[in-house]
Every structure is written in C-alpha cells, then in structure tokens.
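Each chain, written out:
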Amino acid sequence: MEGLVHSQVNPIHVTCKHSGSRFIPAFSLQLKKYLTRGGILFMKPPQSFSSVTASVQPLKAVSLDHFHNTVPSKEVLELWRSADAVCFDVDSTVCLDEGIDELAEFCGAGKAVAEWTAKAMGGSVPFEEALAARLSLFSPSLSQVQDFLAKRPPKISPGIDELVKKLKAKNTDVYLISGGFQQMINPVASILGMPLENMFANQLLFGSSGEFLGFDAKEPTSRSGGKATAVQHIRKVHGYKTLVMVGDGATDLEVNNLV
C-alpha cells in the first residue's frame with residue numbers, strides 16, 4: 001500500500017451538480033427514513049445508523065421523490081444486485097458509534113475528541129489534521145487500547161451482519177474502508193467473517209514499552225482522499241465493473257470523485 005501514498009485525489013464538492021455520478025442511498029432491513037442534505041441523498045434509519053452510497057460507475061439520475069419512501073427505488077435495488085464489490089465505512093456505519101470517540105471517552109478525553117470528530121466528518125478540516133489533533137488529546141497506550149477492547153466490544157449496527165452474509169452468498173466481495181484503527185477494527189472484521197486483507201484502516205504505533213508514538217502516515221486512509229485512493233486500488237487490482245461505497249462522512253463522499 002506504500003505505493004498509494006503519492007496518489008492524487010481531488011476533493012469533492014458536496015453537491016450533485018455533475019451529471020456523471022449520482023449518490024444512491026444504501027438499503028438494509030433496518031433503514032426507515034430518507035433525508036436530503038445539500039443535494040446529497042441520505043437515509044437515516046433508527047439508532048443513528050446513517051449511510052450514503054456512491055457507485056463508481058455512472059448511473060442515471062434518480063428522482064428525489066424516491067427518497068421520501070420507505071422502500072428502495074428500482075435503481076437502488078439494481079445497484080445492489082449488480083455490484084461486484086461493496087465497501088463499507090466502519091464508524092457510525094458498520095458500527096453504531098465512532099471508535100476514536102469511544103476510546104477517548106474511555107481514556108477520559110471524550111468531549112474534546114468528539115468535537116474534532118464532528119469537524120473531520122463534516123470536511124471542515126483535513127482528515128489528517130483532525131486525526132493527529134484527536135490522538136494528541138489523549139495519547140492512548142497499548143495497554144489502554146487492549147483494556148478498552150476487552151471491556152467494550154464492537155457495537156455492530158442492526159442488519160449489517162445479515163447484509164454481509166447475503167452479499168457473500170451472491171459472491172459479492174465485501175471490504176471495510178475506515179479512517180479508524182486496525183487494532184479496533186480487527187474484531188469487527190472477525191465478527192463479520194471478513195479476511196483482514198479486505199480491510200483498509202489506520203495503524204496506531206506504539207513503542208517497546210507500549211507507549212503511544214502516533215499513527216502510520218503511510219496508510220492511505222490517514223489523510224483526506226485516502227478512502228478514494230483505497231477504492232481505486234481495489235478496483236484496479238480486481239477489475240470490478242460496479243463497486244459500491246457505503247458511509248456517512250465527507251471522506252466517504254470523496255470516493256465519488258473517481259467517476
């Protein structure tokens with residue numbers, strides 16, 4: 001993955017004015033209510049599981065009327081049926097909460113870190129800046145991370161495990177692409193029965209005594225545009241014709257810039 005570090009990905013403007021791409025809401029049995037924000041199409045289900053899906057192959061325009069319904073449109077269903085691969089964001093998508101916020105709260109710095117997380121998700125600051133700032137507020141040690149994982153196992157969003165099983169049953173490849181940390185996402189991949197090579201996430205770095213050193217800046221997801229870089233790599237290696245990205249933040253929307 002080191003070869004991906006210098007890849008250039010232009011930031012996406014948070015609108016859908018360009019005709020070559022469309023954002024389509026993801027569908028699972030738990031999704032109930034559709035929302036639109038600034039031209040981006042969202043669905044908001046119960047228990048704060050928000051998601052937005054972008055195909056990296058151009059789609060026909062979808063009427064906004066569809067997104068006031070509780071049943072997915074034909075275009076959305078066809079997208080899921082035709083997908084060769086589906087990439088999921090993890091925090092607040094596959095899982096109910098933001099992993100770094102939960103770890104920070106466990107270490108006593110929850111409120112300050114949550115404020116930075118909101119900035120990172122909204123795209124108001126570069127992701128790498130927000131990531132470094134959040135970690136500097138509590139500098140988690142290896143023992144703290146291990147204690148956190150032992151006491152607070154992942155909270156998987158309702159319906160995700162069933163959705164992943166159905167995708168696998170139809171030979172659709174599934175990936176986890178996250179700005180979170182491998183140490184905290186490994187258990188999620190295990191629960192969903194996904195191989196670790198299908199996971200793209202950041203890596204916390206520790207010293208010989210378990211002291212916090214920082215994060216691996218060579219991982220593509222450690223910076224703005226990184227998820228788009230990871231998806232581009234996946235598509236190039238496997239030659240997927242239709243790939244779907246499901247997520248809830250600004251870094252997920254950047255994937256649409258690949259169209």
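Residues numbered from 1 in each chain as written. Predicted model: local features only at pLDDT ≥ 70, side-chain atom pairs only at ≥ 80, totals over all residues. Heavy atoms only, no water.

So, the overall build of the protein
Scanning the protein from N- to C-terminus turns up ten helices and ten strands. Counting over 259 residues, the protein shows a buried share of 51%. For the protein, the exposed area adds up to about 12,100 Å²; of that, 52% sits on carbon and sulfur atoms. (Helix = DSSP H or I, 4+ residues; strand = E, 2+ residues; numbered from the N terminus. Buried < 20%, exposed > 50% of the residue type's maximum accessible area, 1.4 Å probe, protein only. Areas by Shrake-Rupley, 256 points an atom, 1.4 Å probe, with all protein chains shown as cover.)

Some points on helix H4 (residues 110-122)
The terminal C-alpha atoms of H4 lie 18 Å apart, and with 13 residues this matches the ideal 18 Å at 1.5 Å per residue to within 8%. Packed against the buried residues of H4 are helix H3 (99-106), helix H5 (127-136) and helix H10 (250-253). Glycine 123 sits one or two positions beyond H4 and adopts a positive phi of about 80°. (Expected span 1.5 Å × (residues − 1). Contact = heavy atoms within 4.5 Å.)

Here we look at the pairing of strand S6 (residues 173-181)
Taking burial as the measure, the nine residues of S6 include eight buried ones, the bulk of the element. Of the pairings in the sheet, the one linking strand S5 (residues 85-88) to S6 comprises four bridges and is parallel in character. Considered in S6, the bridge of cysteine 87 is made with tyrosine 175. The pairing of S6 with strand S7 (residues 199-202) spans three bridges and is parallel. Along S7, the bridge assignment pairs isoleucine 177 with phenylalanine 200. The handedness of the S6 to S7 crossover, carried by helix H8 (residues 182-191), is right-handed. (Pairing = 2+ DSSP bridges. Right-handed = clockwise from strand over helix to strand, strands pointing away.)

A look at the nonpolar core
Ranked by internal contacts, the top residues of the largest apolar core, which has 24 residues, are Trp80, Val86, Phe88, Val94 and Leu176. Residue assignment for this core shows that the elements contributing at least two residues are helix H1 (74-82), S5, helix H2 (90-94), helix H7 (160-169), S6, H8, S7 and strand S10 (243-247). For this core, the element with the highest residue contribution is H7, accounting for four residues. Setting aside chain neighbours within four positions, we find leucine 176 in contact with Phe88, Val90, Val94, Ile185, Val188, Ala189, Met194, Asn198, Met199 and Phe200. (Core = buried A, V, L, I, M, F, W, Y, C linked by side-chain atoms within 4.5 Å.)

Overview of empty space enclosed by the protein
Scanning all chains against the criterion turns up three cavities of 30 Å³ or more. Looking at the largest cavity, its volume works out to about 230 Å³. As for the largest cavity, its lining consists of 20 residues, of which Asp91, Glu98, Met121, Phe127 and Gly179 are closest to the centre. Of all the secondary-structure elements, those providing two or more residues to the lining of the largest cavity are H4, H5, S6 and H10. (1 Å grid on protein atoms, 1.4 Å probe; cavity = no way out; pocket = protein on both sides within 12 Å on 5 of 7 lines; lining within 4 Å. Points joined across faces, edges and corners; volume = space filled by probe spheres on them.)

As for the side chain of asparagine 198
When you line up the elements, asparagine 198 lands in the loop between H8 and S7. Leaving out residues up to four positions away in the same chain, asparagine 198 has contacts with Val174, Tyr175 and Leu176.

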